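Survey of secondary and tertiary structure
One letter stands for each residue in the lines below.
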Amino acid sequence: MKKNLGQLLVEKKLISDKDLASALQRQIIFGGRLGTNLLELGLISEEKLMQVLADQYGTPFAKAEHFRDIPGFVLESVPRDLVARHGVVPVAFEGNRITLAMRDPDKLDIIDEVSFRSGKAIRPIVASELRVVQALEDYFGIKREARYIYVPPSRGTAPERKEQQPESPGKDGRPGDE
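Residues take numbers from 1 onward in each chain, read along the sequence in its written order. In keeping with the predicted nature of the model, local features appear solely for residues at pLDDT of at least 70, side-chain atom pairs appear and are counted solely at 80 or more, and the whole-chain, interface and lining totals rest on all residues. By convention in this description, side-chain values take in all heavy atoms of the structure and omit both hydrogens and water.

A closer look at the overall build of the protein
- The helix count covers DSSP runs of H or I at least four residues long, the strand count covers runs of E at least two residues long, and both are numbered beginning at the N terminus. Each helix and strand counted, the protein has eight helices and three strands in total.
- Relative to its 178 residues, the protein shows a buried fraction of 35%.
- If you take every contact in the protein between residues at least 6 apart in sequence, the share linking residues at least 24 apart comes to 55%.
- Here the protein displays about 11800 Å² of accessible surface, and carbon together with sulfur accounts for 50% of that area. Relative accessibility thresholds used throughout: buried, under 20% of the residue-type maximum; exposed, over 50%; partly exposed, between the two (1.4 Å probe, protein chains only). Whether two residues are in contact is decided by their heavy atoms: any pair within 4.5 Å suffices. Exposure was quantified through the Shrake-Rupley algorithm and a 1.4 Å probe, taking into account, for residues, occlusion by the shown protein chains and nothing else.

Here it is as structure tokens:
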């Protein structure tokens, strides 16, 4: 059974238990993946995170340079509807094989569907959520989702709302016509 990412990072002493707790709390509030929250908090480098994910999935990881200047023919090698639906990014195309950056490179159903629809073999590589989302926006115009929720103020801290008094009717019975 695959260990979860948080456990692996703590075991490898790449983050502390306290760091993990902070990132998990942030994940509950703002959403996103644990790795994304750790990166946004500055608690781990992208390279260290990606190396652990690559070890966990048994695949290579996508480096920043994989996402630079992706040629049009590579981007067009995977139907746009699949790119949008599954959040995958083709980053290389060699021979009859597409290198596909994915957040979850163990999702065989996605790999099979992309392979079937593209008519090409797929080489999955793990990529950070941040890199995939940015590439989807940069190359495909797919806007990233806002990651926030409304958190109401705790009791007693909200400003008092003044009850608005209805205007008194004027001479002809309409409000404010005095």
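Some thoughts on the environment of A121
- Mapped onto the elements, A121 comes out in strand β3 (residues 121-126).
- Each C-alpha atom of the pair A121 and T99 lies 8.7 Å from the other, and the pair is 22 residues apart in sequence.
- Setting aside its immediate chain neighbours within four residues, A121 contacts N96, R97, I98 and S115.

Focus on the layout of surface pockets
- Site definitions follow a grid-based scheme: protein atoms alone, a 1 Å grid, a 1.4 Å probe that fits but cannot get out for cavities, and for pockets an open set with protein on both sides within 12 Å along at least five of seven lines, plus lining residues having an atom within 4 Å of a point. Grid points are joined across faces, edges and corners, and a volume is the space filled by probe spheres set on the points. Space inside the largest pocket adds up to approximately 460 Å³.
- Lining the largest pocket are 17 residues; nearest its centre among them are R103, E129, V133, R144 and E145.
- At the level of secondary structure, the elements contributing two or more residues to the lining of the largest pocket comprise α3 (34-40), α6 (80-86) and α8 (129-140).
- Looking at the lining of the largest pocket element by element, the count peaks at five residues for α8.
- In this classification, Asp, Glu, Lys and Arg are treated as charged, Ala, Val, Leu, Ile, Met, Phe, Trp, Tyr, Cys and Pro as nonpolar, and every other residue, Gly included, as polar. Grouping the amino acids of the lining of the largest pocket by side-chain chemistry returns six nonpolar, four polar and seven charged.
- By volume, the second largest pocket is sized at about 280 Å³.
- Along the wall of the second largest pocket there are 18 residues; nearest its centre are L5, R33, L34, G35 and L53.
- Every element with two or more residues in the lining of the second largest pocket is listed here: α1 (5-11), α3 and α4 (46-57).
- With four residues, the top contributor of residues to the lining of the second largest pocket is α4.

Describing the sheet that holds strand β2 (residues 97-102)
- Strand pairing is defined by DSSP finding a minimum of two bridges between the two strands. Taking strand neighbours across the sheet as the criterion, the three strands line up as β1-β2-β3 in an open arrangement whose pairing is mixed. Both edges of this open sheet fall to β1 (89-94) and β3, since each of them pairs with a single strand only. Strand-to-strand twist of the sheet, defined as the mean angle between neighbouring strand axes without regard to direction, takes the value 25 degrees.
- As defined by bridge partners, β1 adjoins β2 across five bridges and the pair is classed as antiparallel. Opposite F93, over in β2, you have I98 as the bridge partner.
- Here the axes come from fitting lines to C-alpha atoms, over the contacting stretch only for helices, and the angles between their N-to-C directions go from 0 to 180 degrees. Helix α7 (residues 108-118) rests against β2 and β3 of the sheet, and its axis sits at about 140 degrees to β3.

Description of the pairing of β2
- Within β2, five of the six residues are buried, leaving the element largely enclosed by the surrounding structure.
- Hairpin connection, β1 to β2: the antiparallel pair is bridged by two residues, and G95 has positive phi, about 65 degrees.
- Here β2 pairs with β3 via six bridges, running parallel. Across the sheet, the residue bridging to T99 is R123, located in β3.
- Once the chain exits β2 it traverses α7 before rejoining the sheet at β3, and the crossover so formed is right-handed. Seen with its strands pointing away from the viewer, a crossover is right-handed when the path leading from the first strand over the helix to the second is clockwise.

Quick notes on unusual backbone geometry
- Phi at K13 is positive, roughly 60 degrees, even though this residue is not glycine.
- Here K13 shows up in the loop between α1 and α2 (17-30).
- The exposed category is assigned to K13, whose relative accessible area is 72%.
- Within the chain, D69 stands out as a residue other than glycine whose phi angle is a positive 50 degrees.

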